[in-house]
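# Understanding the architecture of this molecule
Chain by chain, the residues:
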Amino acid sequence: MPRPPQPTLSELFAAQPRDGGWAGFLLAQLDPGKPLLWVQERMAILEAGRVHPPGIGCPELIHVTARDARSALWAMEEGLRCGALGAVIGELWGNPASLDFTATRRLAVASERSGVPAWLVRLGGSADLSGARMRWRIASCPSQAHPFDPRAPGDPAWDAELFRARGRPPGRWSIAHEPQAGTAHPFRLVAAPGDRALEQDARERLTA
């Protein structure tokens, strides 16, 4: 599965407005040792809920509640000026008028200048014109089998579609997160039963 070659703005759409699986997909790609700025627009909180710090696994979380999308975008851009942050995440609901190509382009440039990755989470929104370098559509999948207890949930899994990216072909993958593996890449491809050869071939192409 491709990852941004350098910190930049990525846009993430939940396959369903209230599918919260995107959070695990996003958090698995962040540096857990650095502070995290998380900006939530008021409507995003009302519709999808407020972030729960103990579940983030981040030593220092800076949470900002913005009254509207314009304020949320401003807070994100200001946060991206701080190179000490591990990432800046912004949650917006729907398709607010202030979220145009210029606004997303400004976030992408600010992220690349500071070296701080930015994630714009679009809840209940449509994929209109954007300056984001990578655009994902994420859906939760049933968890993997637990290696020691078949009745317990195993590693989380997602259906991840990269539908637009600069300099990279689009693609769609079934992936799982294996934090206990200790590898540099946080995800592995999940093959359907009997498709091990297909899984290996896809892995080689994605990591080439």
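See the structure above.
Bear in mind the structure is a predicted one, so any value in this text is a computation, not a measurement.

Further remarks concern the pattern of salt bridges. In this structure the tally under the stated criterion is nine salt bridges. For Glu 77, the salt bridge identified is with Arg 106, shortest N-O distance 2.7 Å. With a gap of 29 residues between them, Glu 77 in helix H3 (residues 69–79) and Arg 106 in helix H4 (residues 101–114) connect regions that are remote in the sequence. For Glu 77, a relative accessible area of 15% gives the class buried. Given the relative accessible area of 45%, Arg 106 is considered partly exposed.

Here we come to the environment of Glu 47. With respect to the helices, strands and loops of the structure, Glu 47 is situated in helix H2 (residues 42–48). In sequence terms Glu 47 and Gly 124 are 77 residues apart; their C-alpha atoms lie 9.3 Å from each other.

Each packed pair of helices is defined by two parameters, the angle between the axes and the distance between the axes. The contact between H3 and H4 brings their axes to 9 Å, and the two run at 15°. Overall, the two elements H3 and H4 adopt an arrangement that is roughly parallel. By crossing handedness, the relation of H3 to H4 is classed as left-handed. In this structure, H3 contributes Leu 73, Met 76 and Glu 77 to the contact, and H4 contributes Ala 103, Arg 106, Leu 107 and Ala 110. Classifying every residue of the contact of H3 with H4 gives five nonpolar, no polar and two charged.

Moving on, we come to the sheet that holds strand E5 (residues 118–123). On the basis of which strands lie adjacent, the open sheet formed by nine strands has the order E3-E2-E4-E5-E1-E6-E7-E8-E9 and mixed pairing. Where the open sheet ends on each side, the last strands, each with one partner, are strand E3 (61–66) and strand E9 (187–189). On average, adjacent strands in this sheet sit at an angle of 25° to one another, irrespective of strand direction. Two strands pair when backbone bridges link them, and strand E2 (residues 36–41) and E3 are joined in this way by six bridges, in the parallel orientation.

Cut-offs and rules
- Residues numbered from 1 in each chain as written.
- Predicted model: local features only at pLDDT ≥ 70, side-chain atom pairs only at ≥ 80, totals over all residues.
- Heavy atoms only, no water.
- Salt bridge = Lys/Arg side-chain N within 4 Å of Asp/Glu carboxyl O.
- Helix = DSSP H or I, 4+ residues; strand = E, 2+ residues; numbered from the N terminus.
- Buried < 20%, exposed > 50% of the residue type's maximum accessible area, 1.4 Å probe, protein only.
- Axes fitted to C-alpha atoms, helices over the stretch in contact; angles between N-to-C directions.
- Parallel < 35°, antiparallel > 145°, perpendicular 65-115°, else oblique.
- Left-handed = near helix turned anticlockwise from the far one by under 90°.
- Contact = heavy atoms within 4.5 Å.
- Nonpolar A, V, L, I, M, F, W, Y, C, P; charged D, E, K, R; others polar.
- Pairing = 2+ DSSP bridges.

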